[in-house]
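# Fold and contact review
Here are the chains, one letter per residue:
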Amino acid sequence: MSVIVKRFYTRLIIASGIGWLLDAMNVILISYIVTLLIETWHLTITQSGIIILANSLGLLIGAILFGKVADMIGRTTAFIITLLIYSIFNGLSALSWNFIVFSLMRFFAGLGLGGELPVVASLVNEWGTESNRGPLVVLLESFWAYGVVTAGLISRYVLISIGWRLTLTILTALAIYALVIRFTIPESPRWLIMKGKIERAKGLIMKYGFNESMFKDTVEIKIKGTISDLFNKDLRKRTVIAWILWFSIAFGYYGFLLWLPTALLYRGFSIVKSFTFSLIMTIFSIIGYYIAIYLINSLGRRGTLMLLFLISVISALVFAYAYNISTLIISGSMLNLAMSGIWGGTIYAYTPELYPTSIRGVGTGSATALAR
Amino acid sequence: MIIGPYIPVLLMGNFNYTMIIITMVFLIGFLTSIFAPETFRKQKQITTIH
């Protein structure tokens, strides 16, 4: 790989990764904010659930809508639009005066965020070549782990001190910064080829020092990109399996992480202790990503998925019955490690590779939508 | 992501039962991963070779 290509990949990953980190921070921060709101607005568990549900609904609709939009108008345009939507409504949510308004704003913020995630994954994936595509997406996903840990750090040391309104305002400013950075990312050459913009794709490929043959596979298979194509006889089994895997990990990941600080609060720990223990457990997310990077190349995608799902099963069960602090922290940490490895380290690399370029956006978008 | 976080609400804040349900769903994920196919690119290469 030439120096120019390496430099390009570094820029691509940093620019996409900063946004990815902020996304993770914002998704996970909700769990801490809700825990605070339970105390400040005296929310019931149902009202807290409505906030989380609104956020998740936005993520779901965003993933479906913008997966398709990205296939139509291009990856870069789509993720600039989605990040803009997210930034506006994230900022507005800081001004909420009750949980209904807050839920509504979180829905629209989630809409932008949900749309953005599969779009960025497709873009990075499509700049990758056969040999580096998996590691590139995994590297991008590692920023999610940093975001999760940063959310824990912010919650433990900033949110408690300055409050949720100011914290959300600061995050909005950071999201706008990410938006500016993203204007520097070029369009996916594979998407351009698929749209018949061959010369523009060639120009980009040459500009960033790539060999044209690295993107040759893009034009080999032509399938019209619709949801129904995901169920043709070649792709049916893949689609069903991908959907089940995404559903399983999303169910467990968000079911656990979005309630983790509240669950600890309900077990009798103070807000400070709940946030501290949650932070310790989420630090293992980062380790999970790097273990997965190693495993997907040695065990393969399927072997890694099997192993990490098995660890998740065991540690979730132990966590359910853990009552002393050390068992709670160890099982929670192992669960974080395995879930992060599945999600970021493996499944994000695996799913796009299941589909040909022409329906990769739809395929990945539909799977991530199932995850919402 | 919608259903998972909603389980504690349905269970009125019982996080122990929530974790057991999460365990079951992970078990489904584990069993499904056993049947996970090769990636598209690998499949294509295999077809080409044969």
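Since we're looking at a predicted model, the values are computed, not measured.

## With respect to the overall build of chain A
When helices and strands are counted, chain A shows 14 helices and zero strands. In sequence order, chain A lays out its α and β elements as α-α-α-α-α-α-α-α-α-α-α-α-α-α. Taking 21 Å as the expected radius of gyration for a compact globule of 372 residues, we find that chain A reaches 20 Å, a close match to that expectation. With the C-alpha coordinates aligned to their principal axes, the bounding extent of chain A is approximately 60 × 40 × 40 Å.

## Some thoughts on helix H4 (residues 99-127) of chain A
Residue and element names in this part refer to chain A. Its 29 residues place the ends of H4 41 Å apart at the C-alpha level, agreeing with the 42 Å of an ideal helix rising 1.5 Å per residue. Extensive coverage of H4 is indicated by the burial of 26 of its 29 residues. The distance from a side-chain oxygen at the start of H4 to the backbone nitrogen of Ile 100 is 3.1 Å, and the residue carrying that oxygen is Asn 98.

## Brief notes about the nonpolar core
Core analysis: the biggest nonpolar cluster contains 136 residues, and Trp 20, Trp 144, Tyr 253, Phe 256 and Trp 343 of chain A together with Phe 26 of chain B have the highest contact counts within it. Ranked by the residues each element gives to this core, the list is headed by helix H1 (residues 3-40) of chain A, at 20 residues.

## Looking at the packing of aromatic side chains
Residues and elements named next belong to chain A. Under the counting rule described, the total for this entry stands at 19 aromatic pairs over all chains. Taking 5.6 Å as the distance between ring centres and 80° as the angle between the ring planes, the aromatic pair formed by Trp 246 and Trp 343 counts as edge-to-face. Of the two residues, Trp 246 sits in helix H9 (residues 236-257) while Trp 343 sits in helix H13 (residues 325-353), which places them 97 residues apart along the sequence. For the residue pair Trp 246 and Trp 343, the accessibility class agrees, reading buried in each case. The interplanar angle of 45° and the centroid separation of 5.7 Å between the aromatic rings of Phe 247 and Phe 251 together place this pair among those described as tilted. With Phe 247 and Phe 251 both in helix H9 and four residues apart, the pair spans about one turn of that helix. Ring pairing ties together the aromatic residues Trp 246, Tyr 253, Tyr 254 and Trp 343, which thus form one cluster. Here the basic side chain of Arg 267 rests over the ring of Phe 319, its NZ or CZ set 5.3 Å away from the ring centre.

## A word on the confidence of the model for chain B
Residue and element names in this part refer to chain B. Here chain B averages 72 in pLDDT, and 68% of its residues register 70 or above. The spread of mean pLDDT over the elements of chain B runs between helix H3 (residues 40-49), the lowest at 41, and helix H2 (residues 15-34), the highest at 90. Under a pLDDT of 50 for its full length, residues 42-50 has, in the predicted model, six contacts with residues more than four places off or in other chains. For this predicted complex, the interface score ipTM comes out at 0.80, while the overall pTM is 0.79.

## Digging into the packing of helix H12 (residues 300-321) of chain A against H13 of chain A
Residues and elements named next belong to chain A. Relative orientation of the contacting elements H12 and H13 amounts to 155°, with a least axis distance of 8 Å. The pairing of H12 with H13 is recorded here as roughly antiparallel in orientation. The hand of the H12/H13 crossing is left-handed.

## Here's the deal with the environment of Leu 111 of chain A
All names here are of chain A. Note on placement: Leu 111 falls in helix H4. We classify Leu 111 as buried; its relative accessible area is 14%. Taking the C-alpha atoms as reference points, Leu 111 and Phe 66, separated by 45 residues in sequence, lie 9.1 Å from one another.

## Some remarks on the interface of chain A and chain B
Interfaces are often described in size by the accessible area the parts lose on coming together. Listed per partner, the contact involves 59 residues of chain A and 37 residues of chain B. Taking both sides of the interface into account, the surface hidden between chain A and chain B amounts to around 4,400 Å²; carbon and sulfur atoms contribute 73%. The interface formed by chain A and chain B includes zero salt bridges. Applying the counting criterion to the chain A and chain B interface returns five residue pairs in polar contact (both at pLDDT 80 or more). Contributions of two or more residues to the side of chain A that touches chain B are made by helix H2 (45-73), H9, helix H10 (260-266), H12 and H13 of chain A.

About the thresholds
Residues numbered from 1 in each chain as written. Chains lettered and ligands numbered in written order. Predicted model: local features only at pLDDT ≥ 70, side-chain atom pairs only at ≥ 80, totals over all residues. Heavy atoms only, no water. Helix = DSSP H or I, 4+ residues; strand = E, 2+ residues; numbered from the N terminus. Rg over C-alpha atoms; globule rule 2.2 N^0.38 Å. Expected span 1.5 Å × (residues − 1). Buried < 20%, exposed > 50% of the residue type's maximum accessible area, 1.4 Å probe, protein only. Polar contact = N/O pair within 3.5 Å; in protein donor to acceptor, adjacent residues only side chain to side chain. Core = buried A, V, L, I, M, F, W, Y, C linked by side-chain atoms within 4.5 Å. Phe/Tyr/Trp six-rings, centres within 6.5 Å; stacked < 30°, edge-to-face > 60°. Lys NZ or Arg CZ within 6 Å of the ring centre and 35° of its normal. pLDDT = per-residue confidence, 0-100. Contact = heavy atoms within 4.5 Å. Axes fitted to C-alpha atoms, helices over the stretch in contact; angles between N-to-C directions. Parallel < 35°, antiparallel > 145°, perpendicular 65-115°, else oblique. Left-handed = near helix turned anticlockwise from the far one by under 90°. Buried area = accessible area lost by both parts, 1.4 Å probe. Salt bridge = Lys/Arg side-chain N within 4 Å of Asp/Glu carboxyl O.

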